[in-house]
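# Chains, contacts and geometry: an overview
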Amino acid sequence: MRLVNLALLGGLCLAFQTGGSADDGMFPMSELSRLNLRERGLEITADQLFNPREVSLVDGICRVNGCTGSFVSPDGLIITNHHCAFGAIQKASNQARDLLRDGFRAATRAEEIPSPDYQVRITEDYEDVSDRVLSVITPQMSFLQRTQAVDRRSRELEKEAEAAHPGLRAEVSEMFPGRTYVLFLYTYLRDVRLVFAPPVSVGNFGGEVDNWEWPRHTGDFSFMRAYTAPDGSSATYSKDNIPYRPRRHLKVAAEGVNEGDAVFLLGYPGRTARHRTAEFVRYERDIRLPLTVDLYGWQISEMERAAAADREVAIRVASRMRSLANVEKRSRGQVLGLTRARIVEQRSEQEAKLQAFIDADPDRKEKYGLLLSEINGVYARMTANGPWQIHFQQLRSACRALAYGFYAVDAAAERAKPDLEREPEFQDRNFEQTRDRLLISMRDWNQELDVTLLTGMLERLSRFPEAASLESLNRVTEKSDRIAEQAAKLLAQTSLGEVEFIRECLQKSSAELTEIEDPLLQFLIGLYPTYRAMRDEQKALDGQLNRLYGSLMEVKEQFLAAAFIPDANATLRLTTGRIRAYSPRDAVIRTPISTLQGVIEKTTGVAPFDTPDAVLQAWEAKNFGRFVHPVLNQVPVAILYDTDTTGGNSGSPILNARGELVGVNFDRCFEATINDFAWNTNYSRSIGVDIRYVLWITSRVYGADHLLQEMGIR
Ligand code: ASP
């Protein structure tokens with residue numbers, strides 16, 4: 001089944017410096033052989049890390065929904081973050097059985113809780129398919145056609161690969177826009193269960209106050225387990241399923257790490273924008289990020305208000321609130337950081353030099369002369385349309401009934417197309433699963449909150465001149481003093497919050513949906529053409545950028561001959577670094593290991609600093625076992641290191657030089673939120689929970705000694 005195309009091993013990384021210390025770099029597996037791992041302090045070889053022909057470390061790494069996890073036992077036990085398992089914990093909670101508040105420990109495998117909206121993905125292999133993807137592009141194509149052709153070709157290649165490798169799933173990922181495409185083969189496991197989670201007062205100790213900050217004292221970890229059908233194939237939940245047998249699981253190094261030690265991470269970082277131009281960063285800094293702060297901040301405060309009055313509501317909105325709050329604070333950090341570090345200005349200066357290089361040669365000028373200004377033209381359009389478009393998109397995500405309804409309306413339109421031309425979630429191979437996830441998410445619906453959020457969004461939209469020209473929108477927003485009343489009426493008369501109704505709608509055609517007398521659904525159907533037009537416009541912009549960035553990378557390569565690693569795109573990457581202090585401000589140095597002493601110092605008894613009694617008692621009793629740091633003489637809680645990570649690296653194993661598990665990555669410090677645009681050794685620090693805290697909490701505090709035994713720790 002192994003299909004490594006050796007020609008690729010060198011194709012991806014256009015050129016980069018192999019520095020001796022940690023540096024900017026989320027390296028795809030294809031680049032490992034070029035890295036000097038020894039200089040980076042690692043004792044493991046590239047082959048031991050990833051070898052598609054034999055069992056290697058990568059076989060012990062998985063993607064858990066949008067996060068990373070690792071196998072830590074032969075029986076499919078996975079360690080990941082508490083915030084990654086949060087949805088599973090929340091879905092299994094109610095007021096009577098509050099697993100968020102109290103935590104969860106399955107005493108036996110039979111007690112593990114199925115989490116049907118979770119899936120685990122393991123990278124099996126990859127192949128460069130750039131030529132086969134790009135061969136479908138012709139010079140006559142419009143930008144929209146270009147994107148559509150690349151998408152369609154990718155779907156075809158995926159289908160072919162899946163036919164050749166039954167049981168595996170194929171996904172084509174764009175590595176360098178317009179240049180490099182890689183087909184990955186994955187195993188997907190669809191029966192995932194919750195095994196152990198500490199209470200939120202450990203797993204999210206410090207809450208949003210401490211999120212994106214160092215020093216940190218959060219026990220952000222959980223255990224889950226993957227199951228397969230009795231014959232080892234991937235299957236959805238059944239009581240007859242058996243624990244998955246990973247080809248490899250990670251060895252847990254209970255002794256942990258020390259300041260200065262080399263570490264590395266394997267994981268699935270989501271998105272970065274290191275190769276985008278200054279004008280893109282300006283758009284982010286001035287338009288998209290501030291609007292995110294504003295729109296999310298407002299929604300979070302409405303949710304807090306609803307949650308304060310009713311614990312059941314608090315449980316139902318917990319996941320959503322948490323993810324909005326996470327992005328809101330990160331966006332604030334990014335606006336601040338991009339401004340302080342002058343990223344736009346720096347990048348403009350670099351681009352001016354690049355332009356001078358281009359202009360210095362008539363052939364180059366002919367070929368690349370207009371490139372930067374054309375790219376900037378795209379961002380100028382995004383800047384002009386951004387505020388309206390961002391608000392308009394937010395309407396159908398803030399109001400959940402509209403989100404559910406949108407899915408049904410979109411499904412009807414998309415499913416009428418040939419399979420390969422549909423949006424990915426509506427293709428036959430994905431549809432059932434995305435539908436099930438939607439229906440599960442509907443359990444958290446809250447009508448009152450939806451009224452508040454719909455009202456707020458309509459009020460915001462009514463201030464845009466574009467609103468007046470959309471009949472459906474204008475009808476409910478034209479009388480500004482009646483918007484709240486209209487929103488309440490729409491939601492009182494709709495069935496879009498009901499699971500059975502959505503299930504039925506998902507079987508209907510577009511024409512049948514227009515026949516249904518449901519005012520919110522009809523309101524949405526009125527807006528749908530605008531949503532489609534925006535989607536097509538986005539695809540056209542992507543098609544244009546795809547072409548332009550392909551050429552930009554080409555000329556940058558000639559200019560710099562250095563340092564190109566593809567932006568993160570949720571595919572498997574390696575990053576290396578060391579456990580290291582940092583200085584966020586003049587005369588301030590922050591040391592890289594926090595301890596239980598700090599948890600006690602921060603504890604006020606009031607959330608988010610309300611340490612559970614069980615932890616306080618174990619602390620008083622000095623019941624530390626072997627989990628004490630030999631020099632600090634405390635149980636270490638969190639560690640800081642200078643790897644290159646982003647969202648999606650949540651849950652990544654932190655590995656020592658020998659490739660043994662010493663912690664679980666969960667965050668970055670505030671200054672490092674701008675990693676997504678520019679990594680820098682001075683401010684970029686990732687944060688993980690120390691394995692000693694994980695083991696101490698799991699066994700000494702909550703008595704799950706059987707899990708330590710399962711991980712081979714005596
Ligand atoms: N805590 C982060 C997240 O939520 C992880 C990171 O971005 O470094 O995605």
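Residues numbered from 1 in each chain as written. Predicted model: local features only at pLDDT ≥ 70, side-chain atom pairs only at ≥ 80, totals over all residues. Heavy atoms only, no water.

Another point: the packing of aromatic side chains. The relation between two aromatic rings is expressed through the spacing of the ring centres and the mutual angle of the planes. What the rule picks out here adds up to 22 aromatic pairs. Note on Phe 196 and Phe 223: the rings are 6.3 Å apart at their centroids and 65 degrees apart in plane angle, and the pair reads as edge-to-face. You can see Phe 196 sitting in strand β10 (residues 191-197) and its partner Phe 223 sitting in strand β11 (residues 222-228), a full 27 residues away along the chain. The burial state of Phe 196 is the same as that of Phe 223; both residues are buried. (Phe/Tyr/Trp six-rings, centres within 6.5 Å; stacked < 30°, edge-to-face > 60°. Helix = DSSP H or I, 4+ residues; strand = E, 2+ residues; numbered from the N terminus. Buried < 20%, exposed > 50% of the residue type's maximum accessible area, 1.4 Å probe, protein only.)

With that settled, the discussion passes to the pattern of salt bridges. Counted under the stated rule, the structure contains 59 salt bridges. When the shortest N-O distance is used, the salt bridge between Asp 667 and Arg 216 registers 2.8 Å. Separated by 451 residues along the polypeptide, Asp 667 in strand β18 (residues 661-668) and Arg 216 in the loop between α7 (207-210) and β11 bring together distant segments of the chain. Summarising the burial analysis for this pair, Asp 667 and Arg 216 share the class buried. When the shortest N-O distance is used, the salt bridge between Asp 444 and Arg 316 registers 2.7 Å. Here Arg 316 lies in helix α9 (residues 311-340) and Asp 444 lies in the loop between α14 (428-441) and α15 (447-462), a separation of 128 residues in the sequence. Classification of Asp 444 by relative accessible area gives buried; the value is 13%. Each of Asp 75, Arg 109, Glu 112, Arg 225, Arg 245 and Glu 710 takes part in a single network of salt bridges with overlapping partners. (Salt bridge = Lys/Arg side-chain N within 4 Å of Asp/Glu carboxyl O.)

Leu 395, Leu 454 and Leu 473 are the most contacted members of the largest nonpolar core, which has 95 residues in total. In terms of residues, this core owes the most to one element, helix α21 (residues 519-560), which gives 15 residues. Excluding residues that lie within four positions of it along the chain, Leu 395 makes contacts with Leu 402, Leu 454, Met 457, Leu 458, Leu 461, Phe 523, Leu 527 and Tyr 531. Counting 72 residues, the second largest nonpolar core, distinct from the first, contains Ile 61, Val 202, Trp 214 and Tyr 268. (Core = buried A, V, L, I, M, F, W, Y, C linked by side-chain atoms within 4.5 Å. Contact = heavy atoms within 4.5 Å.)

Looking now at the environment of His 629. Position of His 629 relative to the elements: it lies in the loop between α23 (613-620) and β16 (636-641). In the structure, His 629 is positioned 372 residues away from Val 257 in sequence and 8.9 Å away in space, judged by C-alpha atoms. The contact partners of His 629, leaving out residues within four places of it in the chain, are Val 257, Asn 258, Ile 593, Gln 634, Pro 636 and Arg 692.

Along the chain, the position of Arg 121 falls in strand β7 (residues 120-128). For Arg 121, the side chain forms a polar contact with the side chain of Glu 171, separated by 3.5 Å. Dropping the residues within four chain positions of it, Arg 121 is found in contact with Ile 61, Cys 62, Arg 63, Glu 171, Tyr 186, Thr 187, Tyr 188, Tyr 268, Ala 570 and Thr 571. (Polar contact = N/O pair within 3.5 Å; in protein donor to acceptor, adjacent residues only side chain to side chain.)

The next thing to look at is the state of the cysteines. Here the structure, examined in full by the defined rule, presents one disulfide. Two residues, Cys 67 and Cys 84, share a disulfide whose sulfurs are 2.2 Å apart. Its torsion about the S-S bond being -85 degrees, the disulfide of Cys 67 and Cys 84 is classed as left-handed. Residue Cys 67 is located in strand β3 (residues 67-71), and its partner Cys 84 is located in helix α2 (residues 82-91); the two are separated by 17 residues in the primary sequence. The residues Cys 67 and Cys 84 share a single accessibility class, namely buried. The thiol of Cys 399 is unpaired, and the distance to the nearest cysteine sulfur, on Cys 505, comes to 15 Å. Looking at Cys 669, it has no disulfide partner, and the nearest cysteine sulfur is the one in Cys 84, 19 Å off. Residue Cys 669 is classed as buried on the basis of its relative accessible area of 0%. (Disulfide = S-S within 2.5 Å.)

For the rest of this paragraph, the subject is the site of the ligand. Near the ligand the following residues occur: His 83, Trp 212, Asn 326, Thr 646, Gly 647, Ser 650, Phe 666, Asp 667 and Arg 668. Take Asp 667: an N or O atom from its side chain is 3.0 Å from a nitrogen atom of the ligand. Per element, the largest residue contribution to the shell around the ligand is three residues, and it comes from β18. In terms of residue class, the shell around the ligand is made up of two nonpolar, five polar and two charged. (Near = heavy atom within 4 Å. Nonpolar A, V, L, I, M, F, W, Y, C, P; charged D, E, K, R; others polar.)

All right, on to the packing of helix α8 (residues 278-309) against α15 then. Across the interface, α8 lies against α15 with an axial gap of 10 Å and an inter-helix angle of 155 degrees. For the element pair α8 / α15, the angle class is roughly antiparallel. Helix-helix and strand crossings are classified by hand; for α8 and α15 the assignment is right-handed. On α15, the residues that touch Asp 294, Leu 295, Trp 298, Gln 299, Glu 302, Met 303 and Ala 306 of α8 are Leu 449, Thr 452, Leu 453, Gly 456, Met 457 and Arg 460. Residues belonging to the contact of α8 with α15 are distributed by class as follows: seven nonpolar, three polar and three charged. (Axes fitted to C-alpha atoms, helices over the stretch in contact; angles between N-to-C directions. Parallel < 35°, antiparallel > 145°, perpendicular 65-115°, else oblique. Left-handed = near helix turned anticlockwise from the far one by under 90°.)

This part covers the sheet that holds β18. In spatial order, the strands read β1-β14-β13-β17-β18-β19-β16-β15; together these eight strands make up an open sheet with antiparallel pairing. The sheet terminates laterally at β1 (27-28) and β15 (593-595), the two strands that pair on one side only. Relative to strand β14 (residues 573-578), β1 is paired through two bridges, and the arrangement is antiparallel. Looking across to β14, one finds that Phe 27 is bridged to Leu 574. Seen against the sheet, helix α24 (residues 691-701) touches β16, β18 and β19 (686-690) and runs at an angle of roughly 40 degrees to β19. (Pairing = 2+ DSSP bridges.)

Now for the packing of α8 against helix α10 (residues 343-359). At a minimum axis separation of 8 Å, α8 and α10 run at an interaxial angle of 165 degrees. Judged by the inter-axis angle, α8 sits roughly antiparallel to α10. Note that α8 runs across α10; the crossing there is left-handed. On the side of α8, the interface is formed by Ala 278, Val 281, Arg 282 and Arg 285, while α10 contributes Ile 343, Val 344, Glu 345, Arg 347, Ser 348 and Glu 351. Considered class by class, the residues forming the contact of α8 with α10 number four nonpolar, one polar and five charged.

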